Amino acid sequence: MSTTSPQERIPVALLGATGSVGQRFIELLADHPWFRLAAITASPRSAGKPYGKAARWMQASTLPDAVAKMEVLPTAPESASGCPLVFSALDSQAADLVELDFAAAGHMVVSNAKSYRMDPRVPLIVPEVNPNHLRLLESQPWAGGLATNPNCSTIGLMLALKPLEDAFGIEKVHVVTLQALSGAGVPGVPSLQAVDNVVPFIGGEEDKLESETGKILGRFDDGQIHHHSAVVSAHCNRVPVIDGHTLCVSVSLARPASPEDLFAAWNQYRGEPQRLDLPTAPAQPVHVLSQPDAPQPRLHRDLDGGMAATVGRLRPCPLLDYKFVTLSHNTLRGAAGGALLLAELALARGQIPGIEIPQEESLRMEGSDS
Ligand code: NAP
């Protein structure tokens, strides 16, 4: 039972509803207790068509009949009229052009696109890791607001690193990613590139891991984020896995710690989403797996509804202090599920313009700082 809830389901709009991430949103919103899908948009190629005709449905679940019949609207603020909350799963070139229009028109936009992640006015949130960065919303210049979900690999890395940062401090990180095909959107990577192959290049991805980490682990003070000084070096690779990004991580710590200390930090880690029992929160954000060959995408990406990170293979690193493997689901925790959790957190904190939650159910956020 959640500690807070709106009195009736809030109508939400979904931008970029036809893509890989948009489809995951449709699945997750079908039974969401707080949000109701009221409007869907996509590119001019899709606008005006019923969703069932516009989208190439790529999920194992059945497309809900009601959504199949919904008209895909143009991606413009008028299409979200009556929706205080707007989720964006837009291609970043489209997001560059329109997300601020939605925020200016009074909508609270929760975006998966890279466009505004590093804008100092815009929070970049992993709900367990830096919930207090949502305070940036208080000084944004728009009638609505804009908050962003990090890169899908960055999210998994943050869930694995934040417990270590809190307990021992992080100084240096070396990470090699093995990223799933669904990370490239619909229709995805051409089969002749994907099958029997590894592609050691994903445009812009290494820079995102290296820059977003400092912002997310940074400190909110004086109305701004002071970036963390940890140095991150990333190699990103596309591999023939459908869902789930695997990261091989080496880390140096500011204070000495035993392997048991690291296991304890991961196992005991909980954040605001767990304290508040938010609808999309995993019971446990980080699962430590003891099998010698874990984690693996096919076996472990769906743990805790695809919202948890798994870690395993912890061992000493001859270059830095420790090395381990972490895995998280790229379109669930790394995109649609992460954005829903972000919106639930913002709602619970009373930070979505135009939505009041009952006073007695508002949250006791004072003192929560991370
Ligand atoms: P995608 O499958 O390529 O979907 C892109 C969506 O944007 C489609 O709905 C597309 O509509 C729409 N769109 C494209 N051009 C448009 C335009 N000019 N105006 C309006 N809508 C337009 O991409 P995706 O993988 O779902 O990713 C969506 C966003 O999330 C991207 O910014 C991506 O970087 C980010 N992201 C993706 C993942 C992942 O694992 N896939 C994870 C984290 C973040 P049409 O179908 O009509 O073309």
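What comes next concerns the included structure. From a predicted model like this one, the values you see are computed outputs, not experimental measurements.

What counts and how
Residues numbered from 1 in each chain as written. Predicted model: local features only at pLDDT ≥ 70, side-chain atom pairs only at ≥ 80, totals over all residues. Heavy atoms only, no water. Disulfide = S-S within 2.5 Å. Helix = DSSP H or I, 4+ residues; strand = E, 2+ residues; numbered from the N terminus. Buried < 20%, exposed > 50% of the residue type's maximum accessible area, 1.4 Å probe, protein only. 1 Å grid on protein atoms, 1.4 Å probe; cavity = no way out; pocket = protein on both sides within 12 Å on 5 of 7 lines; lining within 4 Å. Points joined across faces, edges and corners; volume = space filled by probe spheres on them. Nonpolar A, V, L, I, M, F, W, Y, C, P; charged D, E, K, R; others polar. Near = heavy atom within 4 Å. Polar contact = N/O pair within 3.5 Å; in protein donor to acceptor, adjacent residues only side chain to side chain. Areas by Shrake-Rupley, 256 points an atom, 1.4 Å probe, with all protein chains shown as cover. Axes fitted to C-alpha atoms, helices over the stretch in contact; angles between N-to-C directions. Parallel < 35°, antiparallel > 145°, perpendicular 65-115°, else oblique. Left-handed = near helix turned anticlockwise from the far one by under 90°. Contact = heavy atoms within 4.5 Å. Expected span 1.5 Å × (residues − 1). Bend = angle between axes of the 7 residues up to and from the residue. Phe/Tyr/Trp six-rings, centres within 6.5 Å; stacked < 30°, edge-to-face > 60°. Salt bridge = Lys/Arg side-chain N within 4 Å of Asp/Glu carboxyl O. Arc of directions from axis to C-beta.

What follows concerns the state of the cysteines. Linking two cysteines covalently via their sulfur atoms produces the bond known as a disulfide. Within the structure shown, the criterion is met by 0 disulfides. Cys152 takes part in no disulfide bond, and the closest cysteine sulfur to it belongs to Cys236, at a distance of 9.2 Å.

Moving on, we come to unusual backbone geometry. Leave glycine aside and you will find that most residues have negative phi; peptide bonds, for their part, are mostly trans. With an omega of 5 degrees, the peptide bond running from Val186 to Pro187 counts as cis. For Pro187, the location among the structural elements is in the loop between strand 7 (170-179) and helix 6 (191-194). Note that the residue after Ala294, namely Pro295, is joined by a cis bond; omega there is 5 degrees. Tracing the chain through its elements places Pro295 in the loop between strand 12 (286-288) and helix 10 (297-300). The phi dihedral of Asp196 falls on the positive side, at around 60 degrees, and the residue is not glycine. Its relative accessible area of 76% is what places Asp196 among the exposed residues. At Asp277, a position not held by glycine, the phi torsion is positive, near 55 degrees. Of note, Asp277 is situated in the loop between helix 9 (272-275) and strand 12. The class for Asp277 is partly exposed, based on a relative accessible area of 34%.

This brings us to the layout of surface pockets. As a volume, the largest pocket reaches approximately 1,300 Å³. For the lining of the largest pocket, the secondary-structure elements that each account for two or more residues are helix 1 (20-29), helix 4 (92-104), helix 7 (205-216) and helix 12 (332-348). Counting residues per element, the lining of the largest pocket draws most heavily on helix 4, which supplies 4 residues. Along the lines of polarity and charge, the residues of the lining of the largest pocket split into 18 nonpolar, 19 polar and 8 charged. Estimates place the volume of the second largest pocket at around 400 Å³. Along its surface, the second largest pocket is lined by 22 residues, and Met58, Gln59, Ser182, Ile242 and Asp243 are the ones closest to its centre. Of all elements in the fold, only helix 1 and helix 6 reach the threshold of two or more residues within the lining of the second largest pocket. Among the elements that take part in the lining of the second largest pocket, helix 1 stands out by supplying 3 residues, more than any other.

Our focus in this paragraph is the site of the ligand. Near the ligand there are 27 residues, and of these Thr18, Ser43, Arg45, Ser46 and Leu90 occur at the shortest range. The separation between an oxygen atom of the ligand and a polar side-chain atom of Thr18 is 2.6 Å. Alone, the ligand offers 900 Å² of accessible surface; in the complex the protein occludes 81% of this. Among the elements of the structure, helix 1, helix 4 and helix 12 are those that each provide at least two residues to the shell around the ligand. For the shell around the ligand, the class distribution of residues is 10 nonpolar, 15 polar and 2 charged.

Where helix 5 (residues 152-168) contacts helix 7, the two axes come as close as 9 Å, and the packing angle between them is 45 degrees. By the angle between their directions, the pair helix 5 and helix 7 is classed as oblique. Crossing geometry of helix 5 relative to helix 7 is assigned as right-handed. Here helix 5 contributes Cys152, Ser153, Thr154, Leu157 and Met158 to the contact with helix 7, which in turn contributes Glu205, Lys208, Leu209, Glu212, Thr213 and Ile216. Residue composition of the contact of helix 5 with helix 7, by class: 5 nonpolar, 3 polar and 3 charged.

Below, the discussion takes up helix 12. Helical geometry note: an α-helix holds 3.6 residues per turn, so side chains three or four residues apart project in the same direction. The end-to-end C-alpha distance of helix 12 is 21 Å, clearly below the 24 Å that 17 residues give at a rise of 1.5 Å each. Along its length, helix 12 shows its largest kink, about 50 degrees, at Gly338. Among the residues trailing helix 12, Gly350 stands out with phi positive, at a value near 70 degrees.

Before going further, it helps to spend a moment on the packing of aromatic side chains. Across all of its chains, the model carries 6 aromatic pairs by this definition. Ring centres of Phe25 and Phe87 lie 5.1 Å apart, and the angle between their planes is 35 degrees; on these two criteria the pair is classed as tilted. Taken together, the residues span a long stretch of sequence, with Phe25 in helix 1 and Phe87 in strand 4 (residues 85-88) at a distance of 62 residues. Like Phe25, the residue Phe87 is buried in the burial classification.

Right, let's get into the pattern of salt bridges. What the rule picks out here adds up to 11 salt bridges. Here Asp65 ties to Lys69 by a salt bridge, and the two come within 3.1 Å at their closest N and O atoms. Exposure remark for Lys69: the relative accessible area of 62% places this residue in the exposed category. With a closest N to O distance of 3.2 Å, Glu272 and Arg275 form a salt bridge. Here Glu272 and its partner Arg275 are both found in helix 9, 3 residues apart, which amounts to about one turn of the helix. Residue Arg275 is classed as partly exposed on the basis of its relative accessible area of 41%.

So, on to helix 8 (residues 259-268). When helix 8 is considered as a whole, its buried residues turn out to be Leu262, Ala265 and Trp266. Looking down the long axis of helix 8, one finds its buried residues gathered within 95 degrees of arc, a one-sided arrangement. For helix 8, the exposed residues set more than 90 degrees away from the buried face come down to Glu260 and Gln268.

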